[in-house]
Amino acid sequence: MSHKTASCCCGQLSIDVQGDSLGAGICHCLACQQRTGSVFAALAAYAAPFAVTGTATEYVRTGDQGAKFRFRFCPVCGSTVFHTEEGNDTYVMVAVGAFADPDFPAPQDSVYECRKHSWVQLPEGIAHYAKDTN
């Protein structure tokens, strides 16, 4: 089975995931913009199990639908690496940039486009949603 490793900028925190991605997407919500310091978050889902190496600082945020998400980032360099949904241990969402792979596949969907910056161009053929799909 194939595996991929995503890590923070300094290498102190990493996550090893197995198999192919369950899917990748982009989120334009204001919370993701503030969390990443960018105009959107690019995320890829992977099925459990996964292995984490290093120490993470955690931040829990409640989404619009009431779900709680636990974000993990490096306490040394501040890079966001992954997050999980409280009460759902079947998958993990990994920041695509943490893979440092310019050949990572394009996203399949784009959520919270009601908050998308007008100059952002997205790949053709992806699904578009004004808000969260859950």
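The structure under discussion appears in the preceding block.
Residues numbered from 1 in each chain as written. Predicted model: local features only at pLDDT ≥ 70, side-chain atom pairs only at ≥ 80, totals over all residues. Heavy atoms only, no water.

**Quick word on the overall build of the chain**
Then, in step 1: For the chain, the helix and strand inventory stands at 1 helix and 11 strands.
Then, in step 2: Taken from N to C terminus, the helices and strands of the chain fall in the order β-β-β-α-β-β-β-β-β-β-β-β.
Then, in step 3: A globule of 134 residues ought to have a C-alpha radius of gyration of about 14 Å, and the chain, at 14 Å, matches this closely.
Then, in step 4: When the backbone C-alpha atoms are referred to their principal axes, the chain occupies close to 35 × 30 × 30 Å.
Then, in step 5: For the chain, the residues scored as buried account for 36% of the 134 residues in total.
Then, in step 6: Within the chain, contacts between residues at least 6 apart in sequence are counted, and of these 50% link residues at least 24 apart.
Then, in step 7: Put simply, the chain shows about 7,600 Å² of open surface, and 51% of that area lies on carbon and sulfur atoms.
Then, in step 8: Of the charged side chains in the chain, 9 are positive and 13 negative, and the gap between their average positions amounts to 9 Å. (Helix = DSSP H or I, 4+ residues; strand = E, 2+ residues; numbered from the N terminus. Rg over C-alpha atoms; globule rule 2.2 N^0.38 Å. Buried < 20%, exposed > 50% of the residue type's maximum accessible area, 1.4 Å probe, protein only. Contact = heavy atoms within 4.5 Å. Areas by Shrake-Rupley, 256 points an atom, 1.4 Å probe, with all protein chains shown as cover. Lys, Arg positive; Asp, Glu negative; His and termini not counted. Charge placed at Lys NZ, Arg CZ, Asp CG, Glu CD.)

**Observations regarding the side chain of Ser14**
Then, in step 1: On the secondary structure map, Ser14 appears in strand β2 (residues 14-18).
Then, in step 2: The contact partners of Ser14, leaving out residues within four places of it in the chain, are Thr5, Ala6, Ser7, Ala51, Val52 and Thr53.

**Overview of unusual backbone geometry**
Then, in step 1: Between Ala48 and the following residue, Pro49, the backbone shows a cis peptide bond with an omega angle of 5 degrees.
Then, in step 2: Residue placement: Pro49 occurs in the loop between β4 (41-47) and β5 (50-53).
Then, in step 3: Here Tyr112, not a glycine, exhibits a phi torsion of approximately 60 degrees, which is positive.
Then, in step 4: Within the secondary structure, Tyr112 is located in the loop between β10 (109-111) and β11 (127-128).

**A closer look at the packing of aromatic side chains**
Then, in step 1: All chains considered together, the criterion is met by 3 aromatic pairs.
Then, in step 2: Between Phe99 and Phe104 the ring centres are 5.3 Å apart and the planes differ by 15 degrees, which places this aromatic pair in the stacked class. Each of the two residues, Phe99 as well as Phe104, counts as buried.
Then, in step 3: Ring pairs connect the aromatic residues Tyr46, Phe99 and Phe104, which therefore count as one cluster. (Phe/Tyr/Trp six-rings, centres within 6.5 Å; stacked < 30°, edge-to-face > 60°.)

**Here we look at the sheet that holds β2**
Then, in step 1: As summarised here, the arrangement of the 3 strands in space is β1-β2-β5, forming an open sheet in which the pairing is antiparallel. Bordering the open sheet on either side are β1 (3-7) and β5, each of which pairs with just one other strand. This sheet shows a mean twist of 15 degrees between the axes of neighbouring strands, independent of strand direction.
Then, in step 2: Two elements, β1 and β2, share 5 bridges in a ladder whose sense is antiparallel. The residue bridging Ala6 from the neighbouring strand is Ile15, located in β2. (Pairing = 2+ DSSP bridges. Axes fitted to C-alpha atoms, helices over the stretch in contact; angles between N-to-C directions.)

**So, the pattern of salt bridges**
Then, in step 1: Tallied over the full model, the rule gives 4 salt bridges.
Then, in step 2: Between Glu58 and Arg72 there is a salt bridge, and its shortest N-O distance comes to 3.3 Å. Note that Glu58 is positioned in strand β6 (residues 57-62) and Arg72 in strand β7 (residues 68-73), a separation of 14 residues in sequence.
Then, in step 3: Between Glu86 and Arg70 there is a salt bridge, with the nearest N and O atoms lying 2.8 Å from each other. Here Glu86 is found in the loop between β8 (80-85) and β9 (88-95), whereas its partner Arg70 is found in strand β7, with 16 residues between them in sequence.
Then, in step 4: With relative accessibility at 35%, the residue Glu86 sits in the partly exposed group.
Then, in step 5: In the salt-bridge network here, residues are joined through shared partners; they are Glu58, Arg70, Arg72 and Glu86. (Salt bridge = Lys/Arg side-chain N within 4 Å of Asp/Glu carboxyl O.)

Everything listed here is a matter of coordinates, which is why it stays silent on function.
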